[in-house]
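Working through the structure, step by step
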Amino acid sequence: MAAYHVVMVHFPIALWLVAGLAIFIRAVSDGAVGQTFDRALPTLLVAGVVFGALAWVLGLNVWPWSTLSSTPMGRNHMLLASWSLAYFALLTVLRLRHGTVIWQGLNRLVMVGLAGVGVIFVGITGTLGGHLVGNYTEVGQVLRLLGWEIYSTFYVPNLTIGVIVVVSVVMVVLALLGRNAAQKAG
Ligand code: HEM
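These notes cover the structure that comes with them.

Parameters and conventions
- Numbers given for residues are sequential positions, taken from 1 along each chain in its written order.
- Local features are withheld for residues below a pLDDT of 70 in this predicted model, meaning they are given only at 70 or higher, and side-chain atom pairs are given and counted only at 80 or more; totals for whole chains, interfaces and linings count all residues.
- Under the DSSP-based scheme used, a helix requires at least four consecutive residues in state H or I and a strand at least two consecutive residues in state E, with every element numbered from the N terminus.
- Residue burial is a threshold on neighbouring C-beta atoms within 10 Å of the residue's own C-beta, all placed from the backbone, with 20 or more meaning buried, 12 or fewer meaning exposed, and counts in between meaning partly exposed.
- A pair of residues counts as a contact when their C-beta atoms, built from backbone coordinates, are within 7 Å of each other.
- We count a residue as near a molecule or strand when its backbone-placed C-beta atom lies within 6 Å of that partner.
- For this entry, the nonpolar core is defined as buried Ala, Val, Leu, Ile, Met, Phe, Trp, Tyr and Cys residues connected by C-beta atoms within 7 Å.
- A helix is expected to reach a length of 1.5 Å times the quantity of its residues less one.
- Axis angles are defined between N-to-C directions and span 0 to 180 degrees, where every axis is a line fitted to C-alpha atoms and, for a helix, only to the segment in contact.
- Should an angle fall under 35 degrees it is taken as roughly parallel, and over 145 as roughly antiparallel, whereas 65 to 115 is taken as roughly perpendicular and any remaining angle as oblique.
- Crossing chirality is assigned from the near helix's rotation relative to the far helix, an anticlockwise turn below a right angle marking it left-handed and a clockwise turn marking it right-handed.
- Residue polarity is assigned by list, with Asp, Glu, Lys and Arg as charged and Ala, Val, Leu, Ile, Met, Phe, Trp, Tyr, Cys and Pro as nonpolar; anything else, Gly included, falls into the polar class.

To continue, consider the overall build of the chain. The secondary structure content of the chain amounts to seven helices and zero strands. Helices and strands appear in the chain in the N-to-C order α-α-α-α-α-α-α. Across its three principal directions, the C-alpha atoms of the chain cover 55 × 35 × 25 Å. Across the 186 residues of the chain, 27% fall into the buried class. A fraction of 76% describes how many contacts in the chain between residues 6 or more apart in sequence connect residues 24 or more apart.

Right under this line is the structure:
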């Protein structure tokens with residue numbers, strides 16, 4: 001399955017990164033360029049989730065479960081792959097369910113925030129996948145500097161928990177502000 005996984009991962013990585021870029025461009029541009037990127041967004045997101053889910057399932061079948069689950073790097077890669085898929089599935093549901101409302105008021109900041117985190121997760125997923133096959137990058141060093149020892153530990157550092165809590169609170173506040181602004185406008 002390794003060869004299939006390696007081929008398949010290129011699709012979600014490319015689609016999710018372009019979707020993140022499209023979300024950023026639409027968030028800063030109401031003009032023709034922004035509208036064009038927004039029209040492409042549902043296709044990018046749906047295709048990304050479909051190929052991402054396939055890569056995820058194939059990934060689980062590359063190594064025996066006992067091998068995968070007993071290596072910190074394998075578990076970390078699995079964790080980040082799952083988070084990436086979950087983030088982009090969420091963005092897909094938001095875009096399909098709420099349409100262009102997601103660009104109104106502060107909603108666009110929520111979209112940029114979610115897409116930004118999703119893109120970072122995809123970057124780390126790919127980085128850890130590369131480490132699994134011996135293609136190392138400096139991103140591993142950056143994660144180490146941030147307190148995440150990707151080779152020997154499997155835990156969420158306190159700093160990361162703090163960041164998750166802060167980001168969660170900021171997102172809830174943005175959502176409430178956005179809803180109030182939308183209610184006043186409507
Ligand atoms: C639960 C889900 C996943 C598991 C268990 C998993 C597992 C693995 C394993 C075991 C390898 C090493 C392959 C080998 O030995 O040849 C690998 C490589 C890799 N994986 Fe995953 N994977 C998962 C999901 C994903 C996803 C969703 C992506 C991308 C969005 C991804 C990106 C990569 C990359 C870029 C490599 C390195 C390929 C290379 O440089 O040759 N993986 N993965």
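With respect to spatial proximity, 29 residues lie near the ligand, and among them A2, V9, G59, A81 and G129 are the closest. Mapped onto the shell around the ligand, the elements with two or more residues apiece are helix 1 (2-28), helix 2 (32-60), helix 4 (72-98) and helix 5 (107-132). Among the elements that line the shell around the ligand, the one with the most residues is helix 4, at seven residues.

In this section: the nonpolar core. Among the nonpolar cores identified, the biggest contains 32 residues, and W16, A19, I23, L41, L45, F88 and M111 are the most heavily contacted of them. Of all the elements in the fold, those that place two or more residues in this core are helix 1, helix 2, helix 4 and helix 5. At nine residues, helix 5 tops the list of elements feeding residues into this core. Not counting the four nearest positions on each side in its chain, W16 is found in contact with G48, G52, S84, F88, G118, V119 and V122.

Residue position: V172 is located in helix 7 (residues 158-185). You can call V172 exposed: it has 11 C-beta atoms within 10 Å. Residues V172 and V110 lie 62 residues apart in sequence; the distance between their C-alpha atoms is 9.3 Å.

So, on to helix 1. The end-to-end C-alpha separation of helix 1 is 40 Å, in line with the 39 Å expected for 27 residues at 1.5 Å each. For helix 1, every residue scored as buried is listed here: V9, P12, I13, L15, W16, A19, G20, A22, I23, R26 and A27. Buried positions along helix 1 lie against helix 2, helix 4 and helix 5.

Between helix 4 and helix 5, whose axes approach to 8 Å, the crossing angle comes to 150°. Considered as vectors, helix 4 and helix 5 are oriented roughly antiparallel to each other. Seen from above, helix 4 lies across helix 5 with left-handed handedness. Counted together, M73, G74, N76, H77, L80, A81, W83, S84, Y87, F88, L90 and L91 of helix 4 and L114, A115, V117, G118, F121, V122, I124, T125, L128, G129, H131 and L132 of helix 5 form the full contact between these two elements.

Attention shifts here to the packing of helix 1 against helix 5. Two numbers describe how helix 1 lies on helix 5: the axes approach to 9 Å, and their chain directions differ by 155°. By the angle class used here, helix 1 and helix 5 are roughly antiparallel. Relative to helix 5, the crossing made by helix 1 is left-handed. Contacts between helix 1 and helix 5 involve V9, I13, W16, L17, G20, I23, F24 and A27 from the former and R108, M111, V112, A115, G118, V119, V122, G126 and G129 from the latter. Tallied by class, residues from the contact of helix 1 with helix 5 come to twelve nonpolar, four polar and one charged.

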